[in-house]
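As a plain string of letters, each chain reads:
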Amino acid sequence: MSDQNSKNYFSSTFKLGILGGGQLGKMLLYETRKFDIHTIVMDASPEAPCKIACNEFIQGDLMDFESVYKLGKRVDILTIEIENVNVKALEKLEAEGHRIFPPTKALRTIQNKATQKLFYVDHEIPTAQFMRFAYRSEISDSIENKGLDFPFIWKAAQFGYDGQGVKVIRKPEDLDGLPAGECITEELIDFKNELAVIVARSASGEVKTYPVVEMEFHPEANQVEYVICPARINHKVAEKAQEIALKVSDKIQHVGLLAVEMFQTKDDKILVNEVAPRPHNSGHYSIEASYTNQFEQHIRAILDLPLGNTESKVAGIMVNLVGAEGHTGDVVYENITDILRLDGVTPHIYGKKQTRPFRKMGHVTIVNQDVNRAREIAQQVKERIQVISK
């Protein structure tokens, strides 16, 4: 095992384990390659995007105790690129002295949305009103007893991702077909903006925040379509968002990155929506626009290296590339050459060979000195590029 004090991570016998082999892991590996850090990645899919970029790839179930535990025994530090992992295995590893980031206490709090919401209440962090249900059927009882009124948001307590596990409920029929297990309902907030702040915290407690970003969502898929940095909000609102994100980070005591998603209400209050203890879609713009991108920052934080400069060099906008409706099968990216002719445009293709409607297949970053011009170019990108099947 490597000596923590020597920081001997580079071109050495040190091994970094990553649970999850999706696009976030792939982009983390751009940075480990840059630093020549040996990586072992585990993912259930034999075609995981990470497979081509890590030093060793293990095909394994992230929810399987033995698989996660065995990987943890082989590496010096273990991190995640997805929250849906076996926390009991991580807790056992941590109890045996292994370094797990984010720490298991933070991960367990965040992994379950009901636990996460209770955490906000306990620590006086502003969030939307909510109710917790052990079973979906209890929601109907609550509606009948006038304890709950339409409309509201339904969220599965666990295993939601990319717009899955979240639904606006406007009438009883909207509950049909939803998973039967533990869930929460939330007040439907009439918000002005959806914002996010990424907080980096190193193992020794150094903390830095990225600028506040603004997120524009697809109305049907409940996925982010655009991330805009800097957010087009006034200075006081931005300061408030940063303060609340830092409070969440301080109370949860994560190590690595914490993406804090928030609502800006009509009267400029800030409410925390949810958090993710890892690199996040809202930080992809940073690869081209920031002095230190979010993926390098995550590596610096978990290795307890000095955190990098989080400021932006230019305005940055990220456009998600998702599978077009009506297309399932071998992927084709139409009109990429057209968007490459536009100034400041960089596509990132995740390496998923099969597309399906609304599946995240890549993203495009647009950088410009003027955020409004960047947004105009982003619109052109969105209108031109198509993710379809053969």
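Details of the structure are given in the entry above.
Read on for an overview of the structure.

### A few points about the layout of surface pockets
Right, so step 1: Taken as a whole, the second largest pocket holds about 240 Å³ of empty space.
Right, so step 2: Around the second largest pocket, the lining is made up of 15 residues, and of these Val 322, Gly 323, Ala 324, Lys 382 and Gln 386 lie nearest the centre.
Right, so step 3: With 4 residues, strand S16 (residues 315–322) is the single largest residue contributor to the lining of the second largest pocket.

### Side note on the pattern of salt bridges
Right, so step 1: Under the criterion given, the structure shown has 23 salt bridges.
Right, so step 2: As a salt-bridge pair, Lys 192 and Asp 268 come within 2.8 Å of each other at their nearest N and O atoms. Linking Lys 192 in strand S10 (residues 191–201) with Asp 268 in the loop between strand S14 (256–265) and strand S15 (270–276), this pair joins segments that are 76 residues apart in sequence.
Right, so step 3: Note that Arg 341 and Asp 338 form a salt bridge whose closest N and O atoms lie 3.0 Å from each other.
Right, so step 4: For Asp 338, a relative accessible area of 24% puts it in the partly exposed group.
Right, so step 5: Residues participating in the shared-partner salt-bridge network are Glu 31, Lys 34, Glu 296 and Arg 300.

### Focus on helix H2 (residues 65–74)
Right, so step 1: All of the buried residues along H2 are Val 68, Tyr 69, Leu 71 and Gly 72. End-on, the buried residues of H2 take up no more than an arc of 165°, which puts them together on one face.
Right, so step 2: The inward-facing, buried residues of H2 contact strand S1 (15–19), strand S2 (38–43), strand S3 (56–59), strand S4 (77–80) and helix H3 (87–95).

### Thoughts on the packing of aromatic side chains
Right, so step 1: Throughout the structure, instances matching the rule amount to 7 aromatic pairs.
Right, so step 2: Here Phe 10 and Phe 35 contribute two aromatic rings whose centre-to-centre distance is 5.7 Å and whose plane-to-plane angle is 75°, an arrangement assigned as edge-to-face. On the criterion of sequence distance, the pair formed by Phe 10 in the segment before S1 and Phe 35 in helix H1 (residues 23–35) is long-range, its members being 25 residues apart.
Right, so step 3: The partly exposed category is assigned to Phe 35, whose relative accessible area is 22%.
Right, so step 4: Put simply, the rings of Tyr 9, Phe 10, Phe 14 and Phe 35 pair up and form one aromatic cluster.
Right, so step 5: Over the ring of Phe 35 we find Lys 34; its NZ or CZ atom is 5.6 Å from the centre of that ring.

### A closer look at empty space enclosed by the protein
Right, so step 1: Scanning the model with the defined rule gives 2 cavities of 30 Å³ or more in all.
Right, so step 2: In this model, the second largest cavity occupies a volume close to 30 Å³.
Right, so step 3: Forming the walls of the second largest cavity are Lys 113, Gln 116, Lys 117, Lys 155, Ile 184, Glu 186, Asn 273 and Glu 274.
Right, so step 4: Of all the elements, helix H5 (residues 113–122) adds the most residues to the lining of the second largest cavity, at 3 residues.
Right, so step 5: Of the residues in the lining of the second largest cavity, the class split is 1 nonpolar, 2 polar and 5 charged.

### Considerations on the packing of H2 against H3
Right, so step 1: As a packed pair, H2 and H3 sit with axes 8 Å apart at the nearest point and diverge in direction by 35°. In the packing of H2 onto H3, the handedness of the crossing is right-handed. Residue-level inspection shows Phe 65, Val 68, Tyr 69, Gly 72 and Lys 73 of H2 in contact with H3, the latter providing Lys 88, Ala 89, Leu 90, Lys 92 and Leu 93.

### Points about the pairing of strand S12 (residues 213–217)
Right, so step 1: Where S10 and S12 come together, 3 bridges link them in antiparallel fashion. Bridging from a neighbouring strand, Glu 194 pairs with Met 215 of S12.
Right, so step 2: With 4 bridges joining them, S12 and strand S13 (residues 224–229) adopt antiparallel strand pairing. In the strand pairing of S13, Glu 216 is matched with Tyr 226.

### Some details on the sheet that holds S1
Right, so step 1: The sheet built from 5 strands is open, its strands ordered S3-S2-S1-S4-S5 with parallel pairing. What marks the edges here is a single partner per strand, and that holds for S3 and strand S5 (99–101). Across the sheet, the axes of successive neighbouring strands diverge by a mean angle of 20°, strand direction being ignored.

### What to know about the state of the cysteines
Right, so step 1: Throughout the structure, instances matching the rule amount to 0 disulfides.
Right, so step 2: Here Cys 50 is not cross-linked by a disulfide; its sulfur's nearest cysteine counterpart is in Cys 54, at 6.2 Å.
Right, so step 3: Here Cys 50 falls in the buried class, since its relative accessible area comes to 0%.

### Quick word on unusual backbone geometry
Among all residues save glycine, negative phi is the norm, and among peptide bonds the norm is trans.
Right, so step 1: The step from Phe 150 to Pro 151 runs through a cis peptide bond, and the omega angle for that step is -10°.
Right, so step 2: Within the secondary structure layout, Pro 151 lies in the loop between helix H6 (137–144) and strand S7 (152–156).
Right, so step 3: Cys 229 connects to Pro 230 through a cis peptide bond whose omega is 5°.
Right, so step 4: As for its position among the elements, Pro 230 is in the loop between S13 and helix H7 (235–252).
Right, so step 5: In this structure, Glu 124 takes a positive phi of about 55° despite not being glycine.

Rules and cut-offs
- Residues numbered from 1 in each chain as written.
- Predicted model: local features only at pLDDT ≥ 70, side-chain atom pairs only at ≥ 80, totals over all residues.
- Heavy atoms only, no water.
- 1 Å grid on protein atoms, 1.4 Å probe; cavity = no way out; pocket = protein on both sides within 12 Å on 5 of 7 lines; lining within 4 Å.
- Points joined across faces, edges and corners; volume = space filled by probe spheres on them.
- Helix = DSSP H or I, 4+ residues; strand = E, 2+ residues; numbered from the N terminus.
- Salt bridge = Lys/Arg side-chain N within 4 Å of Asp/Glu carboxyl O.
- Buried < 20%, exposed > 50% of the residue type's maximum accessible area, 1.4 Å probe, protein only.
- Arc of directions from axis to C-beta.
- Contact = heavy atoms within 4.5 Å.
- Phe/Tyr/Trp six-rings, centres within 6.5 Å; stacked < 30°, edge-to-face > 60°.
- Lys NZ or Arg CZ within 6 Å of the ring centre and 35° of its normal.
- Nonpolar A, V, L, I, M, F, W, Y, C, P; charged D, E, K, R; others polar.
- Axes fitted to C-alpha atoms, helices over the stretch in contact; angles between N-to-C directions.
- Left-handed = near helix turned anticlockwise from the far one by under 90°.
- Pairing = 2+ DSSP bridges.
- Disulfide = S-S within 2.5 Å.

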